[in-house]
Amino acid sequence: MHTVRALIDSRADARPNTTFQFAPEARLALTYSELRSIAHTIHRKLEALNVAEGDKVAFLMDNGHWTSALFLGVMYARRIIVPLNAVAGPEQLGHVLSHSDSKILFIASHYREQFASLLTRSAQRTSLIETDEDSGPHWPEPARSDSSKPVPRATPDDEALLIYTSGTTGSPKGVVLTHKNVIAGGVNTATAHELTDQDRALCVLPLYPINAEMVTLIGPLISGGSVVMPHRFSVTKFWHLISEYRCTWFSVVPTIISYLIEHDERSGTPQDFQKLRSHVKFGRSASSALPPATHRTFERRFGIPIIETMGITETSAQVFSNPLPPKKIKYGSPGIPFGNEAKVVNKDGHTAAEGEVGEIYIRGDNVMKGYYKDPQTTRRAIDGDGWFHTGDIGYRDGDGFYFITGRLKEIIIKGGENIAPREIDDVLYKHPDVLEAAAFGVPDARYGEDVMACVVLKSPATCSAAELEAFCDANLGSYKTPKRIFILDELPRGPSGKIQRLKLIDLISRISDS
């Protein structure tokens, strides 16, 4: 099963009446057999609209019954799916629509209204099909009658998914993933989390970042399990959905973990999680580093283990994961490799020793084909031996666990000393009033760079920046303590929910100027 079609066909043949997906708002369920039937419908409609094999098909929708069906069905039909992120804003959306050469855009009505001017400019190159997340597309009159041409069979090396990075340092890059890559991403997830056909995931992350797509959609397909797909995350509905649908696991980002803790703290009447613990095996955290203090607080409060992982768009999501209990985990580590090779390379280009800091490299069937229309950047990212250079800085300990200390472009060099932003983040997260934190470097005449940080406080906390700076000084020493801490209402994020440190520099510059 090395293509999306082969995987869906296998599940539909073996378990036709088993439910693959639940859409809570619409009270809809989708069996494996129905999933295959929708994929065939998508093929016929695309054929009728002259969307050829290998053409790009985009979608701009919230999660729903038809959102995941489109995501899978387009790949099943041997076309390439292009997920779009509304949070990226009109400028980046315009770039992605143009750069991706998408022939069709399935779009929810509310996004059509929101991005009307952008879509008018894109109309000549991209046809729009208004689509309800649960009831499906309003198919237009076809350019020709529906074709009876059989669904083509993709090969493992055929392109399946074109997904764009967050573009923190310029225009977003298009990551090309083949069917082999997509399947490998799902296999790595299912293997690391020991998923079976009895497992059911709660997917509250939108389907445009790689985390939700590979982990909570392809992962359950691989294991023959199921997924609950609400339109979006709701802190008030989260535990209710897990209870109602008897989910065995969920995948979230650290921010959601913080929100769940804060909501429970503010409710004043903590819920009884005893019944949930009877069927929930674990929660999974990815997309950005999970502060150990937050990790431990969640587990103490809810009694549900959190498995920290690490995934990258260019590697079809997951590359590291902590093992499931009762096996050993390490707080502050995304874990060990599952399904791919990993190594740390030092500044001299050699494999680093245990505990030595260097750049993380990844190799395996999950590594992307390359960047769309950018062979030069592809050659820089993937070397001749097939190793993908992640740009993440970290080390491997004696037990084989990896630790990430920062990004190459985010390391703060103060007076010649490298300071990992995460070290400062982790201290700030220990403060009881801090909900989110991000440290970063800014130009400094004396040191070359100095440290600053931004935080979001829990409500109704009133802690001052001076108090936080004193807290850092007591825990980090004066050299690593941020020169200034800014208290904000929110921190800028990319499509996957990851805090974008480099954007904070511009943000703080504007605040300081004003």
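Read on for a plain summary of the structure. (Residues numbered from 1 in each chain as written. Predicted model: local features only at pLDDT ≥ 70, side-chain atom pairs only at ≥ 80, totals over all residues. Heavy atoms only, no water.)

Some thoughts on the overall build of the protein
Assigned secondary structure in the protein consists of 16 helices and 26 strands. On C-alpha atoms alone, the protein measures out to a radius of gyration of 23 Å, which is about the 24 Å that the 2.2 N^0.38 rule sets for 514 residues. The buried share of the protein, taken over its 514 residues, is 58%. Per element, the accessible surface of the protein, about 20900 Å² overall, is 48% carbon and sulfur. (Helix = DSSP H or I, 4+ residues; strand = E, 2+ residues; numbered from the N terminus. Rg over C-alpha atoms; globule rule 2.2 N^0.38 Å. Buried < 20%, exposed > 50% of the residue type's maximum accessible area, 1.4 Å probe, protein only. Areas by Shrake-Rupley, 256 points an atom, 1.4 Å probe, with all protein chains shown as cover.)

Some details on the packing of aromatic side chains
Evaluated as defined, the whole model comprises 17 aromatic pairs. Aromatic pair tryptophan 239 and phenylalanine 273: ring centres 4.9 Å apart, planes at 75°, arrangement edge-to-face. Taken together, the residues tryptophan 239 in helix 9 (residues 238-244) and phenylalanine 273 in the loop between helix 10 (254-267) and helix 11 (274-277) connect sequence positions 34 residues apart. Taken together through their ring pairs, the aromatic side chains of Phe233, Phe238, Trp239, Phe250, Phe273, Phe298 and Phe302 make up a single cluster. Lying across the ring of tyrosine 331, arginine 296 places its NZ or CZ 4.2 Å from the centre. A cation over a ring is seen here: lysine 414 above tyrosine 447, with NZ or CZ 4.8 Å from the ring centre. (Phe/Tyr/Trp six-rings, centres within 6.5 Å; stacked < 30°, edge-to-face > 60°. Lys NZ or Arg CZ within 6 Å of the ring centre and 35° of its normal.)

What to know about the sheet that holds strand 21 (residues 402-407)
Strand order in the open sheet formed by four strands is 17-18-20-21, and the pairing between neighbours is antiparallel. Edge positions in the sheet fall to strand 17 (341-345) and strand 21, since each has one partner strand and no second. For this sheet the average axis-to-axis angle between neighbouring strands, irrespective of direction, equals 45°. The sheet contact formed by strand 18 (residues 358-363) and strand 20 (residues 388-396) spans four bridges and is antiparallel. Across the sheet, glutamate 359 pairs through a bridge with isoleucine 393, a residue of strand 20. (Pairing = 2+ DSSP bridges. Axes fitted to C-alpha atoms, helices over the stretch in contact; angles between N-to-C directions.)

Here we look at the pattern of salt bridges
For the coordinates displayed, the defined rule picks out 32 salt bridges. The salt bridge involving lysine 149 is made with glutamate 47; its shortest N-O contact spans 4.0 Å. Of this pair, lysine 149 sits in the loop between strand 7 (136-137) and strand 8 (159-164) while glutamate 47 is found in helix 2 (residues 32-48), placing the two residues 102 residues apart along the sequence. Between glutamate 194 and lysine 327 there is a salt bridge; the shortest N-O distance is 3.3 Å. Note that glutamate 194 is positioned in the loop between helix 7 (179-192) and strand 10 (200-203) and lysine 327 in the loop between strand 15 (317-321) and strand 16 (336-337), a separation of 133 residues in sequence. Since its relative accessible area comes to 39%, glutamate 194 is described here as partly exposed. Salt bridges linked by common partners bring Glu47, Glu53, Arg78, Arg79, Lys149 and Asp158 together as one network. (Salt bridge = Lys/Arg side-chain N within 4 Å of Asp/Glu carboxyl O.)

Quick word on helix 1 (residues 4-14)
Among the residues of helix 1, Val4, Arg5, Leu7, Ile8, Asp9, Arg11 and Ala12 are the ones counted as buried. Tucked inside the fold, the buried residues of helix 1 contact helix 2, helix 3 (65-76), helix 7 and helix 8 (210-223). (Contact = heavy atoms within 4.5 Å.)

Regarding the pairing of strand 8
Taken across its six residues, strand 8 has five buried, putting it largely inside the fold. As paired elements, strand 8 and strand 9 (residues 174-178) share five bridges and run antiparallel to each other. When the bridges of strand 9 are listed, glutamate 159 appears paired with threonine 178.

Here we look at the side chain of asparagine 85
By secondary structure assignment, the location of asparagine 85 is in the loop between strand 4 (80-83) and helix 4 (90-100). Among the polar contacts listed, one links the side chain of asparagine 85 to the side chain of tyrosine 208, at a separation of 3.1 Å. (Polar contact = N/O pair within 3.5 Å; in protein donor to acceptor, adjacent residues only side chain to side chain.)

Structural notes on the sheet that holds strand 25 (residues 448-457)
Strand order in the open sheet formed by three strands is 24-25-26, with mixed pairing between adjacent strands. The open sheet has two edge strands with one neighbour each: strand 24 (434-444) and strand 26 (484-487). Averaged over all pairs of adjacent strands, the angle between their axes in this sheet comes to 25°, without regard to strand direction. Pairing between strand 25 and strand 26: four bridges, direction parallel. Bridge pairing links cysteine 454 to phenylalanine 486 in strand 26. Across the sheet, helix 15 (residues 465-476) is in contact with strand 24, strand 25 and strand 26; its angle to strand 26 comes to roughly 135°.

Points about the nonpolar core
Leu72, Leu161, Trp239, Phe250 and Phe298 are the most contacted members of the largest nonpolar core, which totals 119 residues. Each residue touching phenylalanine 250, except ones within four places of it in the same chain, is listed here: Leu202, Phe238, Trp239, Ile242, Val280, Phe282, Gly283, Arg284, Phe298, Ile304 and Ile306. (Core = buried A, V, L, I, M, F, W, Y, C linked by side-chain atoms within 4.5 Å.)

Everything listed here is a matter of geometry and, on its own, says nothing about what the molecule does.
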